[in-house]
Amino acid sequence: MRNWTADDLHTIGATAEVDVAPLRPDGSLRPSTPIWIVRVGDDLYVRSYRGPRGSWFRHALQRHERRIRTGALQRDVIFEEPDDADDRAIDEAYRSTYGRSGGGYADTMVSPNARAVTLRLVPR
């Protein structure tokens with residue numbers, strides 16, 4: 001398994017969201033979707049606001065390869081379904097990063113529905 005570089009972790013971890021584009025089998029990109037991302041230690045995590053019904057999430061389970069972009073940074077990634085994710089730390093990262101957005105969005109991202117669809121991003 002590859003690890004994120006310190007620069008990638010800093011850049012991605014400091015952003016509010018990334019654009020996620022599915023990769024087609026031929027390597028071309030489908031249209032992207034902006035999603036919230038959090039950093040916990042040396043790992044990056046995403047959750048579906050709509051839980052398992054989220055369109056981007058359902059597609060991510062079909063083909064785990066994606067490209068993320070934030071600003072000028074683009075990386076090909078694999079979405080993993082982690083068995084060892086620290087849900088409490090991920091919840092806290094969502095609350096810390098997005099709690100100031102208001103409207104209860106952070107609460108939705110730490111709900112059991114969203115927590116059940118936590119994915120870890122691994123560099124490809």
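The numbering scheme is per chain: residues are counted from 1 as the chain's sequence reads. Reporting in this predicted model follows two pLDDT cut-offs: at least 70 for local features of residues, and 80 or more for side-chain atom pairs to be given and counted; totals over whole chains, interfaces and linings ignore these cut-offs and use all residues. With hydrogens and water stripped out, all remaining heavy atoms of the structure feed into the side-chain values.

Asks: So what about helix α3 (residues 87-98)? Which residues, and what values?
Replies: Between its first and last C-alpha atoms α3 spans 16 Å; for 12 residues at 1.5 Å apiece the expected length is 16 Å, and the two agree. Restricting attention to buried positions, one finds in α3 the residues I90, D91, A93, Y94 and Y98. Viewed end-on, α3 has its buried residues packed into an arc of 160°, placing them on one side of the element. Each helix is a run of DSSP H or I of at least 4 residues and each strand a run of E of at least 2, with the numbering of both proceeding from the N terminus. How far a helix is expected to stretch is found by multiplying one less than its residue total by 1.5 Å. Per-residue accessibility, obtained with a 1.4 Å probe over protein chains only, is compared with the maximum for each type, and a residue is labelled buried under 20%, exposed over 50%, and partly exposed between these values. By construction, the arc corresponds to the directions joining the helix axis to the C-beta atoms.

Asks: Describe in detail the side chain of S48, supporting the description with residues and values.
Replies: Within the secondary structure, S48 sits in the loop between β3 (43-46) and α2 (55-62). A distance of 2.7 Å separates the side chain of S48 from the backbone oxygen of G51, its partner in a polar contact. Among all residues touching S48, those that are not within four sequence positions of it are G54, W56, F57, A114 and V117. Polar contacts, as used here, are pairs of N or O atoms within 3.5 Å; protein pairs need one atom able to donate a hydrogen and one able to accept it. Residues neighboring in sequence count only if both atoms are side-chain atoms. Note on contacts: a residue pair is in contact if any heavy atoms of the two residues lie within 4.5 Å.

Asks: How would you explain α2 if you had to name every residue and give the values?
Replies: All of the buried residues in α2 are W56, F57 and A60. Along α2, the residues classed as buried sweep out an arc of 100° about the axis, all on the same side. As for α2, its buried residues are in contact with β2 (33-40), β3, β4 (65-70), β5 (73-80) and β6 (119-123).

Asks: Hey, could you go over the pattern of salt bridges for me, with residue numbers and the actual values?
Replies: For this analysis, a salt bridge means a side-chain nitrogen from Lys or Arg found within 4 Å of a carboxyl oxygen belonging to Asp or Glu. Summed over the entire model, instances satisfying the criterion amount to 13 salt bridges. R47 serves as the salt-bridge partner of D87, at 3.6 Å between the closest nitrogen and oxygen. Note that D87 is positioned in helix α3 and R47 in the loop between β3 and α2, a separation of 40 residues in sequence. Given a relative accessible area of 29%, D87 falls into the partly exposed group. Residue classification places R47 among the buried residues on the basis of a relative accessible area of 1%. The salt bridge involving R63 is made with E65; its shortest N-O contact spans 2.8 Å. Judged by relative accessible area, R63 falls into the partly exposed class, the value being 30%. Judged by its relative accessible area of 23%, E65 is partly exposed. If you follow the salt bridges from partner to partner, you end up with R63, E65, R67, D76 and R124 in one network.

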